[in-house]
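An overview of the molecular structure
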Amino acid sequence: MLSKRIRALSPSPTLAFDKQAKELQQKGHPVINLTLGEPDFTTPQHICNAAIEALQKGETHYTLTAGILPLREKIAGKFLKENKINYSASEIVVGVGSKQLLYNAFQVLLDENDEVLIPTPTWSTYVEQVKLAEAKPVLVPLKEPFKLKAADLEPYLSPKTKIILLNSPSNPTGAMIEQDELIKIAQLAIDKGIYIISDEIYEKLTWGNEHVSIASLNEDIRKLTITINGFSKSYAMTGWRIGYAGGPQKIITAMSNLQSQTTSNTSSIGQFAAVAALTGTQQPLERMKNEFSKRRSFVIHELEKTRLAFTEPEGAFYFFIKTPTNSKDWCNTLLQEQFVAVVPGEAFCTPGYFRMSYASSMENLEEGLRRIKQFITHY
Ligand code: PLP
């Protein structure tokens, strides 16, 4: 018999939909896959070169569990310059994608019956990881345009609330938290001694408002916050599996200790590549961002011609769009009839919507939207 923990786990619904799309593709159907949350660009060449160089130099051994010092120093420099948070290298841990750091953070902070406030729509991983830590995810439903306010959290607070999860810009909505609300959320957390886990993986992909890190607001909130980030989205490095967390020394050391008994360090070669990502030219990033921006404008333009209701995303590379009917059925039928794969809102604890990623080529988006338009004329 499998453990209770694993029996209670729901596997990633996005990956499940992606699998269905791939199966149809293998059968020869012309599938347009708009499910996945990864840039369609390959990793910039200078980053790949740094990995090759590390291999040639024999950097093929275990590293410190928390990551090589030059990388943690560069991450500390990045936090200071871009996020205005002062972390020392020992307040940073590098791991196997930000997913692992999130997992570690929940594991080291949560006990049975502790509660974590998770605003929805949300990425399902948070919910499942909280359950894996034997704690309780408390969903905080948001209304369109899905911008979290401190007042949304208040009715869901309890003496058991241990963590508030923030994800701005958000997967799946692209919504961002306004700075005045971030200040109020920080004050609420300070007053009640609640930890914040702030997943800032989409910080560089914003289309107007600048991203603000909650830990930069003041020293009191810095002491309660674990800031999660990684190289996957901003540097097109999803396959390399390099993420990092900054936070109070005690928590970061605990996360590193946990990692020392699970995966140990993430790939040594990848860590050297990550150093090059931070120190080398940032031009490829700008190019990717411009391309995403063009696609976003294109999708807005095309969606406006339909009767589908949506809010323009402020960040990340997703649209979260209302479905005219039951979202699961709608998405399934769209896949079966038009071979366009998108993810139903059920996967983000918010039925009645679907998530469409625009981290896909312009041709795919053009064709995908053409088919969606065709589909809604007769569905
Ligand atoms: N956080 C959010 C909000 C995401 O959408 C994703 C990936 O889809 C991740 C974290 C995981 O990224 P990583 O590749 O760093 O594990």
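Coordinates for the structure precede this section.
Residues numbered from 1 in each chain as written. Predicted model: local features only at pLDDT ≥ 70, side-chain atom pairs only at ≥ 80, totals over all residues. Heavy atoms only, no water.

**Digging into the pattern of salt bridges**
Taken as a whole and assessed by the stated rule, the structure comprises 23 salt bridges. Taking the shortest distance from any N to any O, the salt bridge between lysine 204 and glutamate 82 comes out at 2.6 Å. Here the residue lysine 204 occupies a position in the loop between β6 (195-199) and α9 (219-222), and glutamate 82 occupies one in helix α4 (residues 69-83), the gap between them amounting to 122 residues. Owing to a relative accessible area of 36%, glutamate 82 belongs among the partly exposed residues under this scheme. The partner of glutamate 302 in a salt bridge is lysine 373, and the shortest N-O contact between them spans 2.5 Å. One end of the pair, glutamate 302, is in helix α12 (residues 283-304); the other, lysine 373, is in helix α14 (residues 362-378), with 71 residues separating them in the sequence. Note on glutamate 302: relative accessible area 10%, which makes it buried. Among the charged side chains, a network of salt bridges with common partners joins Asp40, Glu291, Lys294 and Arg295. (Salt bridge = Lys/Arg side-chain N within 4 Å of Asp/Glu carboxyl O. Helix = DSSP H or I, 4+ residues; strand = E, 2+ residues; numbered from the N terminus. Buried < 20%, exposed > 50% of the residue type's maximum accessible area, 1.4 Å probe, protein only.)

**Let's talk about the site of the ligand**
Neighbouring residues of the ligand: 13 residues in total, closest Ser98, Asp199, Ser232, Lys233 and Arg241. Interatomic distance of 2.6 Å between a side-chain N/O atom of aspartate 199 and a nitrogen atom of the ligand. Here arginine 241 contributes a side-chain N or O atom positioned 2.7 Å from an oxygen atom of the ligand. Protein chains shield 92% of the accessible area of the ligand, which is 400 Å² for the free molecule. No other element matches the 3 residues that helix α5 (residues 97-109) contributes to the shell around the ligand. Its residues assigned to classes, the shell around the ligand shows 4 nonpolar, 5 polar and 4 charged. (Near = heavy atom within 4 Å. Polar contact = N/O pair within 3.5 Å; in protein donor to acceptor, adjacent residues only side chain to side chain. Areas by Shrake-Rupley, 256 points an atom, 1.4 Å probe, with all protein chains shown as cover. Nonpolar A, V, L, I, M, F, W, Y, C, P; charged D, E, K, R; others polar.)

**Let's talk about the nonpolar core**
In terms of nonpolar packing, the biggest core is built from 39 residues, with Val299, Trp330 and Met356 touching the most fellow members. Elements with a contribution of two residues or more to this core: α2 (13-26), α12, β9 (318-322), α13 (327-338), β10 (340-341), β12 (353-357) and α14. When near neighbours in sequence (up to four residues on either side) are disregarded, valine 299 contacts Phe319, Met356, Tyr358, Leu365 and Leu369. Formed by 28 residues, the second largest nonpolar core is a distinct cluster that contains Leu148, Ile164, Ile221 and Tyr353. (Core = buried A, V, L, I, M, F, W, Y, C linked by side-chain atoms within 4.5 Å. Contact = heavy atoms within 4.5 Å.)

**A short note on the sheet that holds strand β11 (residues 343-344)**
One open sheet holds the 3 strands; their spatial order is β9-β12-β11, and the pairing between them is antiparallel. At either margin of the open sheet sits one strand with a lone partner, and together these are β9 and β11. Strand direction decides the pairing type here: β9 and β12, joined by 5 bridges, are antiparallel. Bridging across to β12, phenylalanine 319 finds its partner in methionine 356. (Pairing = 2+ DSSP bridges.)

**Notes on the sheet that holds strand β4 (residues 136-141)**
Across the sheet, 7 strands lie side by side as β2-β8-β7-β6-β5-β3-β4; this open sheet has mixed pairing. Of all the strands in the sheet, the pair left with one neighbour each is β2 (92-95) and β4. Strand-to-strand twist of the sheet, defined as the mean angle between neighbouring strand axes without regard to direction, takes the value 20°. Examined bridge by bridge, strand β7 (residues 225-230) and strand β8 (residues 243-246) share 4 bridges and lie antiparallel to one another. Looking at β8, one finds that threonine 227 is bridged to glycine 246. Running over the sheet, helix α10 (residues 249-260) touches β2, β6, β7 and β8 and is turned about 25° from β2. (Axes fitted to C-alpha atoms, helices over the stretch in contact; angles between N-to-C directions.)

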